[in-house]
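Read off the chains here:
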Amino acid sequence: MKRKGLLVMTLAMLGLFVPNMSAQEQCTEKPDARYKLIRQHYTVKRDGTTEYNYRKELTLLRNRAITAYADKGETFVVYNPKFQNLTINESYTIRKDGSRVKTPENAFVEQLPSQCESCGRFNDIVELAIVHTALEYDCTIVLDYTITSKTDILQQKIQLTQDCPVDKYEIIIDQPYDMEFYYRLEANGADIKQPDDKYTLHIVANNLKQTYGDDYLPAAETIYPTVWFSNRESVNPDMKQVRGKIVDAIPLINSERVRIRKLGNLSQHERNMLLVEALRDYVVDNIHCNNIPPSLLNHRSAEAAEVWQSGCGTPYEKAKTLAALLQQAGFYAYTTVNEEQVLTADDKRFSIVGSGEGTVSVVVDDEQLQFSATQKTPQRKPEKNHSCKKETVGDFVVYTIPARDCPIDVDPSFLPSQRTTPLQAARCDEDYTYTIDNEKATLVKPVQVAYTIEGLGSISVSIKQNGDKTEIAKQLKLDKDIIEPGQYQDFRRMMIDWNQYNTIYLRKK
């Protein structure tokens, strides 16, 4: 029994050193599919409308692309009929023998997008599911459609790299010459050209590799070719403003005040904080969140009263509702949409909506605080130097350092022996100490590891017995946020050394 327990623990530790094949190495085999062409063409007209034309030509190479991926055998087109109209221009499959099979009428199925569920005021939004037919090895799916929108607002962020290779990716912007336009292009090593022609913007990317499958990748825009563009300097002001009161919320505010007064002898500041948090919790728990991109709502957001009555809203609408509640409760509060600030090549700055989230700022007794309307508490680092977990295994007393006592969230078991892609880490300079009462037991194996890697950081792990105590001291300093492939082996070694000594064995006397 004792041997079995120790064997399992030892194998778990040794597992950290088993070389794994990286996700990128696994992808060197034949891809599941290949885009011959992706084209997105935006035409902004003087009458205040925009035409968006999308075309794809996708060749299926392996059975997995036909059976396992809904985005290969099916295409989902989402649009809002309140201000948009969808036209299917072409939809057919070119079989391996060259024959064409047109997509039948019954293969076009209208349905409610999943992100619009549980919210009646979003039930008009349509997702057209196109079920492609005549699929076989080496067939090519051709789809061409146009969405006409009653808006001239154009704000997009497009990642060119897909989950399978792309032979040609083309983006075209065509709008009146006297309309403002901002863009930024990050090639990130891709073969991208910008033809000098009549269009406002024309980008052609050739021979794009597929996205990486490695864990802990940096933000996509730092490793994949990405383009941002907008014909507005900032987001639509209608999204930002918090107007009006929520009359139906008065009973809630009053009842929370009564509840807090009954809690006993609290300072006014404590009462104010409890009220703010109670209103925040109510919005988080009772207003359903619908993650709908702002472009699908014509870059507008509903007012707080409408969100309150419907019991649902986008993340930013929930933020506006929380800000309105706080204002109604007597606090100075406002909300800001999470904008992505982008700098053009000629140092002009513009903004587009990022995640669609919003941050609520509120002043409580001269202290400005920030809250989310979609989660109750921000993620915090674990407290340092709290107790180790203790258990007895036969003749051994085993202590385990809390797993979250690590300044960066990287599990070395997910780090293969070889890697050719950058890795997202985090700068840190942290130390942790623990003291264990030996309780008439002896430390099995003292540990002393300490080294510095120039340009990367340093690590120190010390586990030693000092009389009737076992003293543990760990320090990790990392000088970089992104680990380049050339530093990966050293970083992996540091992570293994940091994690493999989290279990301490004491032998009973």
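In this report, we go over the structure that sits alongside the text. (Residues numbered from 1 in each chain as written. Predicted model: local features only at pLDDT ≥ 70, side-chain atom pairs only at ≥ 80, totals over all residues. Heavy atoms only, no water.)

Quick look at the state of the cysteines
Quick reminder of the rule: Pairs of cysteine sulfur atoms within 2.5 Å are identified as disulfides in what follows. For helices the rule is a DSSP run of H or I covering at least 4 residues; for strands it is a run of E covering at least 2, with both sets numbered from the N terminus onward. Buried, partly exposed and exposed residues are distinguished by accessible area as a fraction of the type maximum, computed with a 1.4 Å probe on protein chains only: under 20%, between the cut-offs, and over 50%, respectively.
Taken as a whole and judged by the stated rule, the model has one disulfide. Each sulfur in the disulfide pair Cys119 and Cys312 lies 2.0 Å from the other. Between Cys119 and Cys312, the S-S torsion sits near 65 degrees, and that sign places the bridge as right-handed. Here Cys312 lies in strand β16 (residues 312-313) and Cys119 lies in the loop between β6 (108-111) and β7 (126-131), a separation of 193 residues in the sequence. The pair Cys119 / Cys312 is uniform in exposure class, with both members buried.

Digging into the nonpolar core
Using the following cut-off: Remark: nonpolar core denotes a set of buried residues (Ala, Val, Leu, Ile, Met, Phe, Trp, Tyr, Cys) joined through side-chain atoms within 4.5 Å. Residues count as neighbours in contact if any of their non-hydrogen atoms are within 4.5 Å of one another.
One finds Tyr145, Ile158, Leu160, Tyr169, Ile171, Ile173 and Phe229 to be the most contacted residues of the largest nonpolar core, which totals 37 residues. Taken together, the elements giving at least two residues each to this core come down to β1 (33-44), β2 (50-60), β3 (74-79), β7, β8 (140-149), β10 (166-174), β13 (201-208) and β14 (226-230). Counting residues per element, this core draws most heavily on β1, which supplies five residues. Each residue touching Ile171, except ones within four places of it in the same chain, is listed here: Gln40, Ile158, Leu160, Leu201, His202, Ile203, Val227 and Phe229.

Quick notes on unusual backbone geometry
Residues apart from glycine generally show negative phi values, whereas peptide bonds are mostly found in trans. One non-glycine residue, Ser118, lies in positive phi territory at about 60 degrees. The topology assignment puts Ser118 in the loop between β6 and β7. You can call Ser118 exposed: its relative accessible area is 59%. Phi at His299 is positive, roughly 55 degrees, even though this residue is not glycine. Here His299 lies in the loop between β15 (288-289) and α9 (304-310).

Quick notes on the sheet that holds β6
Selection criterion: Strand pairing is defined by DSSP finding a minimum of two bridges between the two strands. Axis lines are fitted to C-alpha atoms, over the contacting stretch for helices. Their N-to-C directions set the angle, which ranges from 0 to 180 degrees.
Judged by pairing direction, the sheet is antiparallel, and its three strands sit side by side in the order β3-β7-β6 without closing on themselves. Looking at which strands have only one partner, the edges of the open sheet turn out to be β3 and β6. On average, each strand axis in the sheet is tilted by 20 degrees relative to the strand beside it, whichever way the strands run.

What about the side chain of Ser351?
Defined as follows: Pairs of N or O atoms within 3.5 Å make up the polar contacts considered here, provided that, within protein, one atom can donate a hydrogen while the other can accept it, and that residues adjacent in sequence are counted only when both atoms are side-chain atoms.
Position of Ser351 among the secondary structure elements: in strand β18 (residues 349-364). A polar contact of 3.1 Å, which involves the side chain of Ser351, links it to the side chain of Glu339. Leave out the neighbours within four places in its chain, and Ser351 touches Gln155, Ser230, Arg232, Glu233, Ser234, Val235, Glu339, Glu340 and Gln341.

What about the packing of helix α7 (residues 250-261) against helix α8 (residues 268-286)?
The line we're drawing: Orientation is classified from the angle alone, with under 35 degrees giving roughly parallel, over 145 giving roughly antiparallel, 65 to 115 giving roughly perpendicular, and any other angle giving oblique. Here a crossing is called left-handed whenever its near helix is offset anticlockwise from the far helix by less than a right angle, and right-handed whenever the offset is clockwise.
Two numbers describe how α7 lies on α8: the axes approach to 10 Å, and their chain directions differ by 135 degrees. As judged from the angle between their axes, α7 and α8 are oblique. Relative to α8, the crossing made by α7 is right-handed. Residues Leu252, Ile253, Glu256, Arg257, Arg259, Ile260 and Arg261 of α7 touch α8, and the partners they reach there are Arg271, Leu274, Leu275, Ala278, Leu279 and Tyr282.

Re the sheet that holds strand β27 (residues 469-478)
In sheet architecture, strand pairing relies on hydrogen bonds along the backbone and comes in two forms, parallel and antiparallel. With antiparallel pairing, four strands are arranged side by side in an open sheet as β23-β27-β26-β25. Pairing within the sheet leaves two strands with one partner each, and these edge strands are β23 (428-437) and β25 (447-453). Pairwise comparison of adjacent strand axes, ignoring direction, gives a mean angle of 5 degrees for this sheet. The sheet contacts of helix α11 (residues 488-500) involve β23, β25, β26 (457-466) and β27, and relative to β27 the element is tilted by about 155 degrees.

Focus: the packing of aromatic side chains
Basically, it comes down to this: Centre distance within 6.5 Å is the pairing criterion for rings of Phe, Tyr and Trp, where only the six-membered ring of Trp is used; planes under 30 degrees apart are then read as stacked, over 60 as edge-to-face, and the remainder as tilted. Only when the NZ of Lys or the CZ of Arg is both within 6 Å of the ring centre and within 35 degrees of the ring normal is a charge said to sit over the ring.
According to the stated counting rule, one finds eleven aromatic pairs in the structure shown. A centroid spacing of 5.8 Å and a plane angle of 55 degrees characterise the contact between Tyr332 and Tyr334, whose relative ring orientation is tilted. Taking the relative accessible area as the measure of exposure, Tyr332 reaches 55% and is therefore exposed. On the accessibility criterion, Tyr334 (30% relative accessible area) is partly exposed. Taken together, the aromatic side chains of Tyr42, Tyr52, Tyr54, Tyr145, Phe181, Tyr183 and Phe229 make up a single cluster linked through ring pairs. In this structure, Lys474 is placed above the aromatic ring of Trp498, and the distance from its NZ or CZ to the ring centre is 4.2 Å. Looking at Arg493, its charged tip hangs above the ring of Tyr451, at a distance of 3.8 Å from the centre.

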